[in-house]
Each structure stands twice: as structure tokens, then as C-alpha cells.
Amino acid sequence: MTVNATELLGQFRILGGVAENVCIRQGPHGYGVFAVIPKRPVRLMVPSKLLISPETLAFTSEGNLAVKNESGLSAGLAAFHAQYQRSFGWGAGGFERVKHYHQQMCDLPSALKNFLLILGCSNDLLSQMPTPVQAFKEHCISRQIAVSGTSKLMPVIELINYASDGAPYVVMPEGVSLSGTFENEVLARYRQSMDAFHFFFNYRFAASGRSTLSCEVTVDIPQFKPLRITRLDGLFDVKNGARWPRVSSNKDEIHLSFVELINLDAPTLPRQVFIDL
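Everything in this summary refers to the structure shown in the same document. (Residues numbered from 1 in each chain as written. Predicted model: local features only at pLDDT ≥ 70, side-chain atom pairs only at ≥ 80, totals over all residues. Heavy atoms only, no water.)

With that out of the way, let us pick up the overall build of the protein. Across its full length, the protein carries eight helices and 20 strands. Oriented by its inertia axes, the alpha-carbon framework of the protein measures out at about 70 × 40 × 35 Å. Here the protein holds 277 residues, and the buried ones make up 42% of them. For the protein, restricting intrachain contacts to residue pairs at least 6 apart in sequence, the fraction spanning at least 24 positions comes to 58%. Split by element, the accessible area of the protein, about 15,000 Å² in all, is 55% carbon and sulfur. (Helix = DSSP H or I, 4+ residues; strand = E, 2+ residues; numbered from the N terminus. Buried < 20%, exposed > 50% of the residue type's maximum accessible area, 1.4 Å probe, protein only. Contact = heavy atoms within 4.5 Å. Areas by Shrake-Rupley, 256 points an atom, 1.4 Å probe, with all protein chains shown as cover.)

As C-alpha cells, then:
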């Protein structure tokens, strides 16, 4: 059974969600969240009990998504997530969008694909169409947020589209929130510290970033081991409040998980980190 936007927000509020001065409707980027009364404060909050891991969901025999029986969620929460996914999430064209994106990437010229590969794109994205399970995993990448180190889907608030000057998400023990005043559509700002190509592969659109990483490259060092640089910026150590690439070595090579080339928030940091390594 599908639900309309008004019914969904009603259920969301009953389950503890906050949705003040907002409605859900189609906009220039598909479904979005809009201010009912422009320039009046907007507030949304997804309580922690409504934040679920993507692994909590599984496909039914009909191809819909449902909460796994062993999830431990109440019947009311399970029904809400199933209806949400059917009406506004995966069921609202999710598989078709992922397949369309894959087809566009597969159709790119070979020379461009080679550049994308050294910038972190997966070969599967450039060479084959996804299964429903694979496509759902990709669908979730742009719709989840890290909470205490674990990726969580955030119903309703995930429908907020992006703008470089949008409002930030706030992660707190009680849940995930966003607030502000907006002329029309509610817009969010996220992952600005992410490399622009990583952002594109995650969210499927281009946006300027404040950090730029090296491409994947191996540097031959005479009379020494080759230096292999990847773009695995999730592998890092924190030193003096900054992210440092993880360094490893074996008999064949030295490996740096990533090398940051530009950091607009700390312009001298990339060079200093590389020298200190």
C-alpha cells in the first residue's frame, strides 16, 4: 500500500518525528521538501528510533522492500519504513534511476572511462548493469548518514535536495535534524570536505568541493620501492586534529591510502602532511 505525502508526514510525527512548516512534493529535482510558509522557520528531526541500517531492509517476493523479521523493530516502525520505501524511496523509481545512471556511464568513451578509473570510479559502474540488490546498495549511498560510525537511512529528511549554501545536518544522540528559513525548497549542505569526484560517484551530480585528492598512481622510485597512492580517504589517522593518510609497506611497495593536494579550509596542510610523512 502506498501513502501520500500528507499521510506520510502524519505517520512520521506520530512516531516521534518533527516536521514543522514543511510539505513533500515534486520539484525540479524530483521529490523534495518545501516550506509551507516561505521565510518562516523550518525544522525537521528524525528521531534515533527511526534511523535504520540499510541491512535492516530486504526484498520481498514482489520486489518491494520490507523490514526483516529479525530486526527487532515494532510492527508500527516496520510498517512505516515499508510504506516510506514504497511511496517515496526505492519504490519511487529507485531502480530505474540507478539503471539509467549505469547505462549513461557504460556509454562513455573508453578514453574518458580510463580517466574516471584513476579518479576512483569502480569498473563495474563503467561496464555492467546492476542487479536489484546491487542497485539498492548504490541507492542507499546518497541517502544515509554516519551516526556513531554506522550508516543509517534517514526517512523524510533524506528527501532534502542539495545546495552549496544549504543548511547543515546536525547529528545528535536524539537523532538527525535540520532547520532554517527558506524561500521555497528546503535545501541541505553536506560532505563539502569530500573530494569532488568522490562526491560525484556518491551522489550522481557534480558539486564543487573544498578538498582535492591525487588520482590513483604508482611512482617508481629509483633504487627503492615503488610508491602507490590510492584514493581511499576513509583510511586515515587523526593527528593534531587533521586527517593523515594511512601508510603501509611490504616487500613490493609503499602504500599511501590517499594524498590530499588542495584543502581550501587549511591551504598549507596538504603540503605539510606530505613532507612530514
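So that's the structure; there's more coming.
Membership of the largest hydrophobic core comes to 40 residues, with the highest contact counts inside it found for Ile24, Leu44, Ile157, Ile160, Tyr169 and Leu178. Looking at this core, the element that brings in the most residues is helix H1 (residues 5-14), giving four residues. Filtering out sequence-adjacent residues up to four positions away, Leu44 remains in contact with Val18, Ala19, Val22, Val33, Val156, Ile157, Ile160, Val176, Ser177 and Leu178. (Core = buried A, V, L, I, M, F, W, Y, C linked by side-chain atoms within 4.5 Å.)

Another aspect to go through is the pattern of salt bridges. Summed over all chains, the structure comprises eight salt bridges. A salt bridge links Arg43 to Glu20; its shortest N-O distance comes to 3.8 Å. Of the two residues, Arg43 is situated in strand E4 (residues 41-47) and Glu20 in strand E1 (residues 18-20); the sequence distance between them amounts to 23 residues. Classification of Arg43 as partly exposed rests on a relative accessible area of 35%. A salt bridge links Arg228 to Glu253, with the nearest nitrogen and oxygen atoms 2.8 Å apart. Of this pair, Arg228 sits in strand E15 (residues 227-229) while Glu253 sits in the loop between strand E18 (247-249) and strand E19 (254-256), placing them 25 residues apart in sequence. Given the relative accessible area of 18%, Glu253 is considered buried. (Salt bridge = Lys/Arg side-chain N within 4 Å of Asp/Glu carboxyl O.)

Next up on the list: the packing of helix H3 (residues 94-106) against helix H6 (residues 132-141). Taken N-terminus to C-terminus, the directions of H3 and H6 make an angle of 90°; their axes are 9 Å apart at the nearest point. By the angle class used here, H3 and H6 are roughly perpendicular. For the pair H3 and H6, contact is made by Gly94, Phe95, Arg97, Val98 and His102 and by Pro132, Ala135, Glu138 and His139, respectively. Of the residues contributing to the contact of H3 with H6, the split by class is four nonpolar, three polar and two charged. (Axes fitted to C-alpha atoms, helices over the stretch in contact; angles between N-to-C directions. Parallel < 35°, antiparallel > 145°, perpendicular 65-115°, else oblique. Nonpolar A, V, L, I, M, F, W, Y, C, P; charged D, E, K, R; others polar.)

Our next topic: unusual backbone geometry. The phi torsion at Ser148 lies on the positive side, around 55°, for a residue other than glycine. With respect to the helices and strands, the residue Ser148 is situated in the loop between strand E7 (144-147) and strand E8 (150-153). According to the relative accessible area criterion, Ser148 is exposed, its value standing at 78%.

A separate point is the side chain of Gln85. Along the chain, Gln85 turns up in helix H2 (residues 75-87). Given the relative accessible area of 7%, Gln85 is considered buried. In this structure, Gln85 is in contact with Leu57, Leu65, Trp90, Gly91, Ala92, Phe136, His139 and Leu153, ignoring residues within four places of it in sequence.

Attention now moves to a nonpolar patch on the surface. There is a patch of nonpolar side chains on the surface, built from Val217, Val219, Ile221 and Phe224 and spanning about 310 Å² of accessible area. Within the secondary structure, Phe224 sits in the loop between strand E14 (217-219) and E15. Phe224 gets classed as exposed once you look at its relative accessible area, which sits at 54%. (Patch = residues over 30% accessible without salt bridge, like charges linked within 9 Å, V, L, I, M, F, W, Y side chains within 5 Å.)

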